[in-house]
Amino acid sequence: MQEQPDSGAVMRQPGNPLSQYSATQLLRFLIPSLIGVLLFLVPFDINGKSNILIAYLIDYINDVVKPMMVPVTVGVATLPSLLTVIVSFSALKKNPNRFVQLFNPGLGWTLVRAVGAVLMVMTYSKVGPEWIWHRNTGGVMLYDVGPVVLAIYLLSAVLLPLLTDYGLMEFVGTLVSRGFEKLFGLPGRAAVDCMASWLAASSVGIILTTQQYRQGFYTSREACVIATNFSIVSIAYSYLLLKLIGMEHVFVPWYLSVAVTGVLCALIVPKLPPLRGKPNSYDPLVGKQLKTDRREGEGLMALGLRRAVERADTAPSPFAQLKHGLHVSMDIAISVYPAMMVIGCLGLSLVEFTPLFKYLSMPLVPYMELLQLPEADKAAPALLAGMVDSIMPSILGASIESEVTRFVMVGVAVNQIIFFTEAAILLLRANIGLRLRDLLMIYVVRVLVSLPILALLAHLIVG
């Protein structure tokens, strides 16, 4: 909703809005927010490579602990799962301690953690059926996916409050609220979610959106729309996907095509089921926290600054933020890793050892042929495999000769957002109102909407 003047409020003092606040208040807003912007939103060129600082930090951590990453991944998936089984089936599950309750997720998630831990150990030890520990099934999750996302979960949960809790989202959200609401029907603060996701990682955007829902700044529908339409994989990861398929020479026009497609999907998909029917209700534990407190005669800049300063004044201490961030990152890691292993092993084994995806993708073949995409019979199964993991279309489609088809395949893989080895698990675990069937429907809708847009742009650019 657009801000309405609060006629009963005291009119703001004339003059420079900055004069109304002390230096301490302004610095409490500015310093953490600027650090957050530098970490998550501003690309830097280091050693000839352009990326955001959080990505450099993630790469640095991964490089330092690289010799230990695989054992650490196994440990993160197995030890907490063992504790989950112990807590869930003992008197400890009644202990109200927050740390203990991390290991009492309910019967369903306890089963997922236990099975995921067993699969992780089997893959690491190469015991049991080959379809579990094969390099292209469980091996992908253990050696390729698991080590990379661990640092993302840790740093994102700990450092994201710099963007969310010290006034930046209030300031930016106020300034762009009218345009963003008119275009997408969403609060202006969602623009920060979008930037953080596109520049950092899809998991960063989902975690950020979930936190905002839990704090009462998004309704269930808004959180569902933002998480499934703006949490696109990062620019750096997009480049990796394009490079794997041998198309890095057209990265700039390709990524512009991805951006255009993403915007059009964000305009179309929320107007269709299942997102159209999601409730516009806030988390019942906190209620609505968005303010409609614009004072008479107050400009957007002054309003945004006032909201930012008020938000920064109520922010927890750095120690409390760190403690909460570590709790969140631990909750995500110990839940996502086993679930990722279960879905990854099953999904990738179906891709590698069965013709299932070939049969499921048959309806896509005439659709892609209608869009004049060559080698549609080869591209359709590879494209559909992106449901399991966004990297699969690049791996399976590398042998396709048509640049137009490869251009489209990777573009759709980036724009689909829903892939079940990471994003889908985070969305289900977030409890923002999305169920498994919702995610499957959204995936299908995004693929069907993305294909003709990207096909048109591909024919224009590389056709």
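Residues numbered from 1 in each chain as written. Predicted model: local features only at pLDDT ≥ 70, side-chain atom pairs only at ≥ 80, totals over all residues. Heavy atoms only, no water.

Enquirer: Which residues make up the overall build of the chain, and what values do they have?
Expert: If you tally the helices and strands in the chain, you get 23 helices and four strands. On C-alpha atoms alone, the chain measures out to a radius of gyration of 23 Å, which is about the 23 Å that the 2.2 N^0.38 rule sets for 463 residues. On the principal axes, the C-alpha backbone points of the chain span a range of 70 × 60 × 50 Å. Within the span of the chain, comprising 463 residues, buried residues form 54% of the whole. (Helix = DSSP H or I, 4+ residues; strand = E, 2+ residues; numbered from the N terminus. Rg over C-alpha atoms; globule rule 2.2 N^0.38 Å. Buried < 20%, exposed > 50% of the residue type's maximum accessible area, 1.4 Å probe, protein only.)

Enquirer: I'd like a rundown of the side chain of Gln212, residues and numbers included.
Expert: Here Gln212 lies in helix α11 (residues 202-214). Take Gln212: its relative accessible area is 0%, and that puts it in the buried class. With residues up to four places along the chain from it excluded, the contact list for Gln212 reads Thr164, Met169, Arg189, Phe217 and Tyr218. (Contact = heavy atoms within 4.5 Å.)

Enquirer: Give me the packing of helix α19 (residues 376-384) against helix α21 (residues 403-415): which residues, what numbers.
Expert: For the pair α19 and α21, interaxial distance at closest approach is 10 Å and the crossing angle is 15 degrees. When the axes of α19 and α21 are compared, the pair comes out roughly parallel. Between α19 and α21 the crossing geometry is right-handed. Facing α19, whose interface residues are Ala379, Ala382 and Leu383, α21 presents Thr405, Met409 and Val412. In terms of residue class, the contact of α19 with α21 is built from five nonpolar, one polar and no charged. (Axes fitted to C-alpha atoms, helices over the stretch in contact; angles between N-to-C directions. Parallel < 35°, antiparallel > 145°, perpendicular 65-115°, else oblique. Left-handed = near helix turned anticlockwise from the far one by under 90°. Nonpolar A, V, L, I, M, F, W, Y, C, P; charged D, E, K, R; others polar.)

Enquirer: Tell me about the pattern of salt bridges, and name the residues and values.
Expert: For side chains of opposite charge, pairing can occur when their charged atoms come near one another. Summed over the entire model, instances satisfying the criterion amount to nine salt bridges. The partner of Arg214 in a salt bridge is Asp283, and the shortest N-O contact between them spans 3.2 Å. Here Arg214, found in helix α11, pairs with Asp283, found in the loop between α14 (251-268) and β4 (294-295); they are 69 residues apart in sequence, far enough to count as distant. Judged by relative accessible area, which is 31%, Arg214 ranks as partly exposed. For Asp283, a relative accessible area of 5% translates into the label buried. (Salt bridge = Lys/Arg side-chain N within 4 Å of Asp/Glu carboxyl O.)

Enquirer: Can you explain the packing of aromatic side chains? Please cite residues and give values.
Expert: Each aromatic ring pair is specified by the distance between its two centres and by the angle formed by the two planes. Taken as a whole, this structure holds eight aromatic pairs when the rule is applied. Ring plane angle 90 degrees and centroid distance 5.3 Å describe the contact between Phe184 and Phe230, whose orientation is recorded as edge-to-face. Placement of Phe184 in helix α9 (residues 168-184) and of Phe230 in the loop between α12 (220-229) and α13 (235-244) is noted, with a sequence separation of 46 residues between them. Across the pair, Phe230 and Phe184 agree in class, each one buried. Ring geometry for Phe251 versus Trp254: centroids 6.0 Å apart, planes at 40 degrees, classification tilted. Here Phe251 pairs with Trp254, and both are found in helix α14, just three residues apart, close to one helical turn. What makes Trp254 buried here is its relative accessible area of 0%. Aromatic ring contacts, followed pair by pair, group Phe180, Phe184 and Phe230 into a single cluster. (Phe/Tyr/Trp six-rings, centres within 6.5 Å; stacked < 30°, edge-to-face > 60°.)

Enquirer: Now, about a nonpolar patch on the surface: what can you tell me, with residues and values included?
Expert: A contiguous nonpolar patch, built from Leu82, Leu83, Ile86 and Leu92 and spanning about 350 Å² of accessible area, is present on the exposed surface. Mapped onto the secondary structure, Leu92 falls in the loop between α3 (66-88) and α4 (98-101). In this structure Leu92 comes out as partly exposed when scored by relative accessible area, which is 40%. (Patch = residues over 30% accessible without salt bridge, like charges linked within 9 Å, V, L, I, M, F, W, Y side chains within 5 Å. Areas by Shrake-Rupley, 256 points an atom, 1.4 Å probe, with all protein chains shown as cover.)

Enquirer: Give me the lowdown on the packing of helix α7 (residues 138-159) against α11, citing residues and values where you can.
Expert: One can describe the packing of α7 onto α11 by two numbers: an axis separation of 10 Å at closest approach and a directional angle of 35 degrees. For the crossing formed where α7 meets α11, the hand is right-handed. Contacts between α7 and α11 involve Ile152, Tyr153, Ser156 and Ala157 on the former and, on the latter, Ser203, Val204, Ile207 and Gln211. Its residues assigned to classes, the contact of α7 with α11 comprises five nonpolar, three polar and no charged.

Enquirer: Kindly report on α14, identifying the contributing residues and their values.
Expert: Helix length check: α14 (18 residues) gives 25 Å between terminal C-alpha atoms against 26 Å at 1.5 Å per residue, within 8%. Every buried residue belonging to α14 is among Phe251, Trp254, Tyr255, Ser257, Val258, Ala259, Thr261, Gly262, Cys265 and Ala266, and all of these are buried. (Expected span 1.5 Å × (residues − 1).)

Enquirer: Which residues make up helix α23 (residues 436-461), and what values do they have?
Expert: In this model α23 runs 36 Å from its N-terminal to its C-terminal C-alpha over 26 residues, within 8% of the 38 Å that 1.5 Å per residue would give. At Ser450, α23 shows its largest bend, some 25 degrees, and a proline, Pro452, comes one to four positions later. (Bend = angle between axes of the 7 residues up to and from the residue.)

Enquirer: Break down the environment of Thr261 for me, citing the residues and quoting the values.
Expert: On the secondary structure map, Thr261 appears in helix α14. For the pair Thr261 and Leu457, spaced 196 residues apart in sequence, the C-alpha separation works out to 9.4 Å. Those residues in contact with Thr261 that sit more than four places away from it in its chain are Asn415, Ser450, Ile453, Leu454 and Leu457. At 2.7 Å, the side chain of Thr261 forms a polar contact with the backbone oxygen of Ser257. (Polar contact = N/O pair within 3.5 Å; in protein donor to acceptor, adjacent residues only side chain to side chain.)

Enquirer: Hey, could you go over the nonpolar core for me, with residue numbers and the actual values?
Expert: In terms of nonpolar packing, the biggest core is built from 129 residues, with Phe40, Trp254, Tyr337, Met368, Ile418, Ile432 and Leu451 touching the most fellow members. What Leu451 contacts, discounting residues up to four positions off in sequence, is Leu364, Tyr367, Met368, Leu371, Leu373, Leu383, Val408 and Val412. Residues Tyr21, Phe29, Phe171 and Val309 belong to the second largest nonpolar core, which totals eight residues. (Core = buried A, V, L, I, M, F, W, Y, C linked by side-chain atoms within 4.5 Å.)

Enquirer: Give me the lowdown on unusual backbone geometry, citing residues and values where you can.
Expert: Leaving glycine aside, a negative phi is the common case for residues, and trans is the common case for peptide bonds. The linkage connecting Pro273 with the following residue, Pro274, adopts the cis geometry, with an omega of 5 degrees. With respect to the helices and strands, the residue Pro274 is situated in the loop between α14 and β4. Although it is not a glycine, Glu375 sits at a positive phi angle of roughly 55 degrees. Structurally, Glu375 is set in the loop between α18 (364-370) and α19. Since its relative accessible area comes to 21%, Glu375 is described here as partly exposed. With a phi angle near 55 degrees, Asn431 is a residue other than glycine that sits in the positive phi range. Asn431 gets classed as exposed once you look at its relative accessible area, which sits at 52%.

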